[in-house]
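One-letter residues, chain by chain:
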Amino acid sequence: MAHCVCFFRLWNKKKFVKSDNSRTQKLINSSCQFIKVALKYISSAVNEQRLSISKGKSYIKEILHTIFFLGHIDMPSIEPNEVLSSELFSRVTTKYQDVLQKYKTHLPRRPPYSVLLDVVVESTGDANVEAVLDQLTDLNQKMFIPFSENEWCGNDFFLNSTVVSFCYFSDFVTSKRTRNYFGGSVSCKGILQREVFIDISCIATWNKAVSLAVCLANMSKTKHIQFPPYVHSTAYHMIIGNVGCSGSEEHQSTKVNTSLAAAAGNTGTALAGDGRIKGYYSKPPCQKCLELFPDTRFTPECSEHRYPAPWEYGNCAECEAVSKLLNAETELNKRISLPIPNRISIDSRYNHLLINTFNTDILILQRQCRLQDNLRKTKFEVGAKILFYDPCIDDSTALVPAQ
């Protein structure tokens with residue numbers, strides 16, 4: 001196969017653009033570094049035939065579009081030419097016009113790290129969890145930009161999932177086991193940004209049962225997905241040092257040190273004192289995951305919750321992983337049940353208690369309304385109909401722009 005020309009070669013001339021806004025600068029840095037590392041890895045996977053050319057092209061377009069979208073809805077908004085070098089921006093403009101045309105009008109279906117996680121699993125294989133975590137650790141390390149008093153800004157891992165999870169179904173009756181399915185926690189910073197991606201996932205990305213479970217959880221903690229025995233799940237938290245790198249969502253609120261990682265069952269390299277990413281440690285589920293998926297066998301088990309989970313239902317990596325499991329394993333999806341709440345009202349004419357089945361479409365409509373309300377607070381062009389970007393539409397002839 002002909003050698004692919006890689007995007008990352010064009011980054012040698014790229015220098016980070018300084019901004020007076022520290023948060024904006026960190027997002028620019030994170031975007032620059034994420035694109036650089038991700039495109040290099042995708043190009044390498046294609047060249048080594050671990051990933052098809054069409055898949056590689058689709059993943060590149062999806063990552064670019066999602067990151068440009070996040071920059072656009074940030075305040076102040078960030079333009080693609082602030083993230084890409086002038087040469088690379090010119091080539092993206094020539095080869096992938098729809099990416100630059102649609103990040104202001106079409107929504108992504110998932111955050112950038114979820115895309116990269118799929119690339120890693122597809123090119124590495126899902127059977128060896130350790131190999132997937134090792135590859136993610138290597139990519140995380142390459143995305144890291146140190147922060148020190150002598151430097152004006154680091155990158156704070158704005159776009160990385162600090163928690164990844166995998167799950168599988170082992171049928172109690174037949175003893176058959178499915179493949180492993182991976183997911184990441186919502187990989188962006190900011191309350192609005194996380195709400196946007198959770199709502200997008202409920203509307204257009206996740207399995208319907210997971211979407212409804214997340215929506216219902218805000219109404220009743222007794223309404224949840226019921227699995228046949230048994231779905232197994234394990235989550236891993238990124239081991240982060242102490243040089244200003246705080247992770248990308250609420251999961252990072254607990255700072256991890258060597259003793260904690262060891263006590264929790266550390267997976268990967270031990271934490272050193274340089275603050276870099278050193279691997280993952282397995283973590284018990286939070287209270288919200290136990291409420292959403294109570295029939296799941298979590299490893300490690302949860303002994304107690306010392307503090308309430310401050311993040312929203314749907315933020316956790318388990319939601320994406322379970323959704324992929326149900327979407328792929330159709331027979332399992334047919335066997336699950338999701339109790340739908342009843343709407344109770346009083347008929348004033350007869351003073352009778354009426355119990356009506358709740359219309360699940362209303363739950364999704366509520367998410368759609370919140371999504372549109374949040375987007376109107378940004379520069380995103382909100383139309384009468386929600387549009388989603390499709391990276392599989394082939395508008396180019398090459399995996400990457402040729403030099």
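Residues numbered from 1 in each chain as written. Predicted model: local features only at pLDDT ≥ 70, side-chain atom pairs only at ≥ 80, totals over all residues. Heavy atoms only, no water.

A.B. asks: So, the overall build of the protein chain: which residues are in play, and what are the values?
C.D. replies: Along its length, the protein chain carries 14 helices and 8 strands. The proportion of buried residues among the 403 residues of the protein chain is 54%. For the protein chain, the share of sequence-separated contacts (at least 6 apart) that also reach a separation of at least 24 residues comes to 75%. Working note: accessible area of the protein chain is about 18000 Å², and carbon and sulfur atoms make up 50% of it. (Helix = DSSP H or I, 4+ residues; strand = E, 2+ residues; numbered from the N terminus. Buried < 20%, exposed > 50% of the residue type's maximum accessible area, 1.4 Å probe, protein only. Contact = heavy atoms within 4.5 Å. Areas by Shrake-Rupley, 256 points an atom, 1.4 Å probe, with all protein chains shown as cover.)

A.B. asks: Mind laying out the nonpolar core, listing which residues take part and the relevant values?
C.D. replies: Phe-34 and Ile-225 are the most contacted members of the largest nonpolar core, which totals 104 residues. No other element matches helix H1 (residues 22-47), which puts 12 residues into this core. Among residues more than four places away in sequence, those in contact with Ile-225 are Ala-209, Val-210, Ala-213, Leu-292, Phe-293, Pro-294, Asp-295, Ile-336, Ser-337 and Leu-338. (Core = buried A, V, L, I, M, F, W, Y, C linked by side-chain atoms within 4.5 Å.)

A.B. asks: Go over the environment of Thr-178 with me, naming the residues and quoting the values.
C.D. replies: Here Thr-178 lies in the loop between strand E1 (163-169) and strand E2 (181-184). According to the relative accessible area criterion, Thr-178 is buried, its value standing at 13%. Along the sequence, Thr-178 and Ala-328 sit 150 residues apart, while their C-alpha atoms lie 9.6 Å from each other. Those residues in contact with Thr-178 that sit more than four places away from it in its chain are Tyr-168, Phe-169, Leu-325 and Glu-329.

A.B. asks: Go over empty space enclosed by the protein with me, naming the residues and quoting the values.
C.D. replies: A full pass over the atoms with the stated rule returns 3 cavities of 30 Å³ or more. Taken together, 15 residues form the lining of the largest cavity, with Pro-111, Ser-114, Ser-201, Trp-206 and Glu-320 sitting closest to its centre. A total of 3 residues in the lining of the largest cavity trace back to one element, the largest contributor, which is helix H8 (residues 191-205). Split by residue class, the lining of the largest cavity holds 5 nonpolar, 7 polar and 3 charged. Empty space within the second largest cavity amounts to approximately 60 Å³. Partitioned by chemical class, the residues of the lining of the second largest cavity number 5 nonpolar, 1 polar and 3 charged. (1 Å grid on protein atoms, 1.4 Å probe; cavity = no way out; pocket = protein on both sides within 12 Å on 5 of 7 lines; lining within 4 Å. Points joined across faces, edges and corners; volume = space filled by probe spheres on them. Nonpolar A, V, L, I, M, F, W, Y, C, P; charged D, E, K, R; others polar.)

A.B. asks: Just give me the short version of helix H9 (residues 208-217), but keep the residues and values in it.
C.D. replies: Burial analysis of H9 places 9 of its 10 residues in the buried class, which makes it a mostly covered element. By the burial criterion, the buried members of H9 are Ala-209, Val-210, Ser-211, Leu-212, Ala-213, Val-214, Cys-215, Leu-216 and Ala-217. Each element contacted by the buried residues of H9 is listed here: H8, helix H11 (287-292), helix H12 (317-328) and helix H14 (360-376).

A.B. asks: Please provide a residue-by-residue account of helix H6 (residues 112-124), values included.
C.D. replies: In an α-helix, one turn spans 3.6 residues; hence positions three or four apart end up facing the same way. An ideal rise of 1.5 Å per residue puts 18 Å on 13 residues; H6 measures up with 18 Å between its terminal C-alpha atoms. Judged by how many residues are buried, H6 sits mostly within the fold: 10 of 13 residues are covered. For H6, the complete set of buried residues consists of Pro-112, Tyr-113, Ser-114, Val-115, Leu-116, Leu-117, Val-119, Val-120, Val-121 and Ser-123. (Expected span 1.5 Å × (residues − 1).)

A.B. asks: Which residues make up the pattern of salt bridges, and what values do they have?
C.D. replies: Side-chain pairs of opposite charge can arise where the charged atoms are in close proximity. As enumerated under the stated definition, the model contains 18 salt bridges in all. Between Asp-199 and Arg-370 there is a salt bridge whose closest N-O contact spans 2.8 Å. Here Arg-370 lies in helix H14 and Asp-199 lies in helix H8, a separation of 171 residues in the sequence. On the basis of relative accessible area, Arg-370 is assigned to the partly exposed category, the value being 25%. The partner of Lys-334 in a salt bridge is Glu-331, with the nearest N and O atoms 3.5 Å apart. Here Lys-334 and its partner Glu-331 are both found in helix H13 (residues 330-335), 3 residues apart, which amounts to about one turn of the helix. There is no split in this pair, since Lys-334 and Glu-331 are both exposed. One continuous salt-bridge network, built from bridges that share partners, spans Glu-195, Asp-199, Glu-312, Arg-367 and Arg-370. (Salt bridge = Lys/Arg side-chain N within 4 Å of Asp/Glu carboxyl O.)

A.B. asks: Which residues make up the pairing of strand E3 (residues 231-238), and what values go with them?
C.D. replies: In terms of burial, E3 is a largely internal element, 8 of the 8 residues being buried. In E3, alternate side chains face the same way, and those of Val-231, Ser-233, Ala-235 and His-237 on one face and His-232, Thr-234, Tyr-236 and Met-238 on the other are all buried. Both E3 and strand E6 (residues 297-298) contribute to a ladder of 2 bridges, which runs parallel. When the sheet's bridge partners are listed, His-232 is paired in E6 with Arg-297. Where E3 lies against strand E5 (residues 279-283), 4 bridges are found, and the strand directions are antiparallel. Bridge pairing in E5 places Tyr-236 opposite Ser-282. (Pairing = 2+ DSSP bridges.)

A.B. asks: Give me the confidence of the model for the protein chain: which residues, what numbers.
C.D. replies: Detail in the predicted coordinates should be disregarded across regions flagged by low pLDDT. On average, the protein chain scores 82 in pLDDT, and the residues at 70 or more come to 75%. Counting interchain partners and residues more than four positions distant, the pLDDT-below-50 stretch residues 1-19 has 58 contacts. (pLDDT = per-residue confidence, 0-100.)

A.B. asks: I'd like to hear about the packing of aromatic side chains, residue by residue, with values.
C.D. replies: What the rule picks out here adds up to 9 aromatic pairs. Between Phe-68 and Tyr-103 the ring centres are 5.9 Å apart and the planes differ by 65°, which places this aromatic pair in the edge-to-face class. You can see Phe-68 sitting in helix H2 (residues 53-73) and its partner Tyr-103 sitting in the loop between helix H5 (97-102) and H6, a full 35 residues away along the chain. Judged by its relative accessible area of 2%, Phe-68 falls in the buried class. In textbook terms, an aromatic cluster arises when at least three aromatic residues are bridged by ring pairs, as seen for Phe-166, Tyr-168, Phe-182 and Tyr-236. For the cation-ring pair, Arg-177 lies above Tyr-168, with the distance from its terminal atom to the ring centre recorded as 3.5 Å. Above the plane of the ring of Tyr-230 lies Arg-297, whose end atom (NZ or CZ) is 3.5 Å from the centre. (Phe/Tyr/Trp six-rings, centres within 6.5 Å; stacked < 30°, edge-to-face > 60°. Lys NZ or Arg CZ within 6 Å of the ring centre and 35° of its normal.)

A.B. asks: Now, about the pairing of E2: what can you tell me, with residues and values included?
C.D. replies: Along E2, one buried face is formed by Tyr-181 and Gly-183 and the opposite face, lined by Phe-182 and Gly-184, is buried too. Bridge count between E1 and E2: 4 bridges; the pairing is antiparallel. Residue pairing across strands places Cys-167 opposite Tyr-181, the latter belonging to E2.

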